[in-house]
Amino acid sequence: MTALAADRNTPAVMGDLRRGDAAASVLIYAGALVMRDASGNITKGATATGAIGVGRAEERVDIPRVVGRMKVFPPLASEPLIYFDGADEIVEAAFVLAGPHEIRDIRVGSASIDTLSGVEYEVREGWPGDGQITMLRRQSRTEPLQAELRAHQVGDDGRTLDSQTGDTDIALPQAVAFATKDAPDEHLLQLVLTGGLHRNGDPDIDLRIPFRLRMRLAGSADWIHLPELHFEGADVRQMRATIALVWRDDASATPAAAPAEGWAHARVVSPGQTAAPVSDDWSADPYFVGTGDAWMEAGNLGTTGVLHLSMTRYEARILLDTAIFPKGRYEIEIRRGATYRRSTYSPAGYTIDGTIWNFWGVLGTPGEIVYSRTSVMDTVYLARSVSIWNEHPLPSADLAIIAVRARNRDLESLSCLAGGYVRDWDGTAWAAWTVSDNPATNLREIWTGAQNLDPVPEEILDEDELVDWRAACIASGYRCNAILSGQTVLEAAEIVAGCGYAKPRMSERWGVAIDRDRSAEAPVQIFTPRNSRNFQWTKAFPRLPDGFRVTYPDASRDYDNRQITVSRSGRSGESGLLEQVTYQGLVTEEEVRRRADYDLAQAEARGVYYTLDAPAEAVVCRRGDLVGVQHDMLTAQAGVGRLVAKTLSGSAVSRIRLDTEVPVSNEPDLLAQADVLVVPDLLALGRRTGAAIRRRSGAVTVHPVANTTSEETAILTFSPPISANGIGEDVLVAVGDLGQEMLRLIVFGVAPQDNMEASLTLVDEGQELWA
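### A few points about the sheet that holds strand S40 (residues 547–554)
Strand order in the open sheet made by the three strands is S41-S40-S42, with mixed pairing throughout. Both edges of this open sheet fall to strand S41 (560–567) and strand S42 (578–582), since each of them pairs with a single strand only. Along the sheet, successive strands turn relative to each other by an average axial angle of 25°, direction set aside. Here S40 pairs with S41 via eight bridges, running antiparallel. Following the sheet pairing, Val-550 is matched in S41 by Ile-564. Here helix H4 (residues 589–605) sits on the sheet and contacts S40 and S41; the angle it forms with S41, its principal contact strand, is near 40°.

Written out as structure tokens, the structure is:
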């Protein structure tokens with residue numbers, strides 16, 4: 001079983017043919033994308049070692065590349081932008097594949113995207129020079145806080161401050177702290193009132209929740225107080241609200257406030273509580289304070305002195321002048337206050353029924369809040385902290401893109417049927433862009449295409465071999481349909497080549513070592529004791545599995561994983577020893593069974609490794625070539641010599657003389673033997689000798705020897721005479737039983753040695769694999 005690769009996640013072909021290869025590239029085969037790091041800084045998707053990914057530096061995601069055509073779940077190009085649009089939640093996201101792809105059948109879950117309401121999308125196939133996606137204009141980083149902005153903790157009466165620990169400070173509203181990313185253009189605080197805002201569901205009782213915010217540049221000790229904001233509601237449904245901090249060169253804002261539900265009230269100066277316990281006055285930063293009323297509601301927009309703030313039902317926008325508040329990384333704190341009834345509140349005096357209350361403290365002893373919390377639903381969560389940059393989220397890199405904007409919908413399960421475009425052979429050049437599942441076409445694209453950061457120069461490719469292999473794949477029905485993600489260039493090349501029953505060969509010429517039926521081919525070289533040494537072999541006797549349990553993506557089942565059992569010839573896979581296998585690139589049952597049968601047969605047909613050391617003439621063969629080996633360790637009838645003379649009959653050779661005697665047999669067969677009892681060796685009946693001649697052209701030809709007697713001789717006769725082309729002095733000749741003149745083997749590995757010698761590892765030809 002040693003001829004099988006140890007890891008059968010990809011099909012094994014003649015074991016591992018990488019011995020002696022030149023150093024292979026370790027680049028990741030994928031695409032590159034501009035991204036932001038953990039602080040929001042712009043970085044590139046390619047590292048010094050060529051690793052490729054998208055997303056943030058600490059959340060790298062490899063970009064898949066589809067070979068052939070597959071159902072794929074493309075990764076996000078960057079974090080999705082999630083924001084509230086009125087009562088709805090909007091998600092903007094871009095999904096990418098490396099290089100140009102044909103995109104079909106986009107789905108969210110099991111539903112076609114074209115059938116979904118509230119979903120828009122835009123597709124770019126990823127050709128060089130394609131324009132940018134127009135649907136998306138911004139990119140973001142989101143911190144999912146899911147932190148409750150806790151209100152006062154009160155006792156059973158719903159109004160008196162109460163703490164289980166006895167520490168009343170802990171029972172007061174607590175601030176939630178967080179920070180922006182580096183230098184955003186905008187930062188969103190997304191608030192969710194999970195149970196709405198109401199008392200006993202009464203739509204006539206309008207409640208308000210006050211909020212205070214402050215911020216400071218990271219590393220600074222000086223806090224900047226933002227306007228105090230009040231949110232109003234009287235509804236049992238879940239409510240969503242946003243506080244947006246916007247950095248602009250021109251930060252002027254038109255005053256606005258919601259007339260009822262929503263952001264209805266703001267102020268920049270609030271007097272302190274005068275009753276015990278007293279509290280200090282509070283003021284926002286002078287930047288927000290103008291002449292006029294210290295507060296803003298829908299009824300005083302013409303006289304308000306609140307600057308750089310605009311409020312609507314769903315959003316409060318605080319505009320920050322970059323000349324005063326430079327862009328950077330800001331620490332932010334937000335704290336909610338006690339809920340109160342709108343009808344009891346006076347905005348001019350900041351009073352409840354004529355009394356100034358500290359909404360973040362208590363009044364009196366033991367301490368009461370402004371409004372009983374009994375039957376009040378006012379739970380507020382800070383759901384997300386979102387930093388936004390007004391930059392296009394996608395570069396001009398060659399990426400296939402699906403941009404989606406969805407309303408109130410999850411996009412995590414977006415999939416599509418994608419086909420990777422590659423340059424296919426058009427009869428004269430690799431120039432025809434198409435979606436191809438031919439292994440040869442895709443292997444060449446892996447080596448030379450744009451997704452390889454260090455492409456192989458085309459002049460070192462064995463183009464003729466690749467063209468021939470492409471045609472052989474078509475004739476044999478070999479296909480590769482796979483998703484490549486995170487593999488190195490070498491790993492990607494092996495997956496694709498394996499589907500075409502080949503291994504990449506990366507040496508002075510880049511091509512493939514193809515495993516195929518070679519029964520009609522002649523060896524390219526002969527090795528005998530006259531041109532090699534240290535011949536030996538190794539055979540393992542492992543317990544072979546009775547079959548494979550194979551997992552593969554089944555194209556007939558929407559590319560869902562399917563598992564089948566394939567039994568070894570003569571065994572039942574229903575019981576016994578089964579080995580788990582996962583095949584990449586094969587998507588039909590027929591392909592999988594054919595491959596599994598092949599891999600199982602290799603364990604028996606190629607269980608022996610042969611090794612020998614050869615002189616410089618070993619350069620004639622390379623990995624994957626068919627060679628012949630003759631040695632007296634293999635058979636007693638073996639012989640080898642070099643030609644010293646030849647006899648011509650006309651222009652053909654009728655006889656040759658070798659420099660040494662070799663065994664020659666010419667025994668009658670069983671039917672021609674009158675009395676078999678007088679035959680000393682029954683195994684010798686019908687034995688004839690054949691000669692394998694390595695001509696000066698390098699071609700190896702095999703001919704029956706016509707000597708009339710069995711003997712040790714240096715003279716070999718041929719009848720009819722053989723062609724004289726390439727037969728001359730010092731030509732190597734190996735003899736053996738006719739049809740077994742040499743052991744036909746495949747070069748498994750070539751390891752260079754000193755003095756231009758090489759150590760060869762060989763495996764059996766395995767003609768039975770193709771029966």
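### Thoughts on the sheet that holds strand S29 (residues 355–356)
The strands that make up a sheet are held in pairs by hydrogen bonds between backbone atoms, and each pair lies either parallel or antiparallel. Taken in spatial order, the three strands make up an open sheet running S27-S28-S29, and their pairing is antiparallel. The open sheet has two free edges, formed respectively by strand S27 (345–346) and S29, since each of these has just one partner strand. Bridging between strand S28 (residues 351–352) and S29 involves two bridges; their strand directions are antiparallel. Its bridge partner being in S29, Thr-351 is matched across the sheet by Ile-356.

### Digging into helix H3 (residues 489–499)
For H3, a buried count of ten out of eleven residues is recorded, marking the element as mostly surrounded by other parts of the structure. Here H3 has its buried residues at Val-489, Leu-490, Ala-492, Ala-493, Glu-494, Ile-495, Val-496, Ala-497, Gly-498 and Cys-499. The secondary structure elements touched by the buried residues of H3 are strand S3 (65–67), helix H1 (439–448), helix H2 (463–476), strand S35 (482–484), strand S36 (502–506) and H4. Positive backbone phi, at 55°, marks Tyr-501, one or two positions downstream of H3.

### Things to note about the layout of surface pockets
The calculated volume of the largest pocket comes to roughly 370 Å³. Secondary structure elements with two or more residues in the lining of the largest pocket: strand S51 (743–752) and strand S52 (758–764). Counted by class, the lining of the largest pocket contains eleven nonpolar, three polar and seven charged residues.

### Points about empty space enclosed by the protein
Counting across every chain of the model gives five cavities of 30 Å³ or more. Considered as a void within the structure, the largest cavity measures approximately 80 Å³ in volume. As for the largest cavity, its lining consists of 13 residues, of which Glu-79, Glu-92, Leu-136, Arg-138 and Pro-393 are closest to the centre. Elements with a minimum of two residues in the lining of the largest cavity: strand S6 (88–98) and strand S10 (139–143). The biggest single contributor to the lining of the largest cavity is S6, with three residues. Class assignment for the residues of the lining of the largest cavity results in seven nonpolar, three polar and three charged.

### Considering the confidence of the model for the protein
Residues at a pLDDT of 70 or more form 89% of the protein, whose mean pLDDT is 88. In this model residues 1–26 is a low-confidence stretch, pLDDT under 50, and it forms 88 contacts with partners more than four residues away in sequence or in other chains. Confidence over residues 31–59 falls short of pLDDT 50; this stretch has 94 contacts with residues more than four positions distant or in other chains.

### Things to note about unusual backbone geometry
Residue Pro-277 follows Ala-276 across a cis peptide bond; omega there is -5°. Mapping Pro-277 onto the fold places it in the loop between strand S20 (269–270) and strand S21 (282–283). Here the bond from Ser-719 into Pro-720 is cis, since omega is 0°, no more than 30 degrees from zero. With respect to the element layout, Pro-720 can be found in strand S49 (residues 711–723). Positive phi is not limited to glycine here, since Asp-730 has a value of about 75°. Secondary-structure assignment places Asp-730 in the loop between S49 and strand S50 (732–737). Take Asp-730: its relative accessible area is 44%, and that puts it in the partly exposed class.

### With respect to the pattern of salt bridges
According to the stated counting rule, one finds 52 salt bridges in the structure shown. A salt bridge links Asp-554 to Arg-562; the shortest N-O distance between them is 3.2 Å. Its salt-bridge partner being Asp-730, residue Arg-642 comes within 3.9 Å of it at the nearest N-O pair. Separated by 88 residues along the polypeptide, Arg-642 in strand S45 (residues 639–649) and Asp-730 in the loop between S49 and S50 bring together distant segments of the chain. When salt bridges that share partners are traced, they join Arg-423, Arg-444, Glu-445, Glu-458 and Glu-463 into one network.

Parameters at a glance
Residues numbered from 1 in each chain as written. Predicted model: local features only at pLDDT ≥ 70, side-chain atom pairs only at ≥ 80, totals over all residues. Heavy atoms only, no water. Pairing = 2+ DSSP bridges. Helix = DSSP H or I, 4+ residues; strand = E, 2+ residues; numbered from the N terminus. Axes fitted to C-alpha atoms, helices over the stretch in contact; angles between N-to-C directions. Contact = heavy atoms within 4.5 Å. Buried < 20%, exposed > 50% of the residue type's maximum accessible area, 1.4 Å probe, protein only. 1 Å grid on protein atoms, 1.4 Å probe; cavity = no way out; pocket = protein on both sides within 12 Å on 5 of 7 lines; lining within 4 Å. Points joined across faces, edges and corners; volume = space filled by probe spheres on them. Nonpolar A, V, L, I, M, F, W, Y, C, P; charged D, E, K, R; others polar. pLDDT = per-residue confidence, 0-100. Salt bridge = Lys/Arg side-chain N within 4 Å of Asp/Glu carboxyl O.

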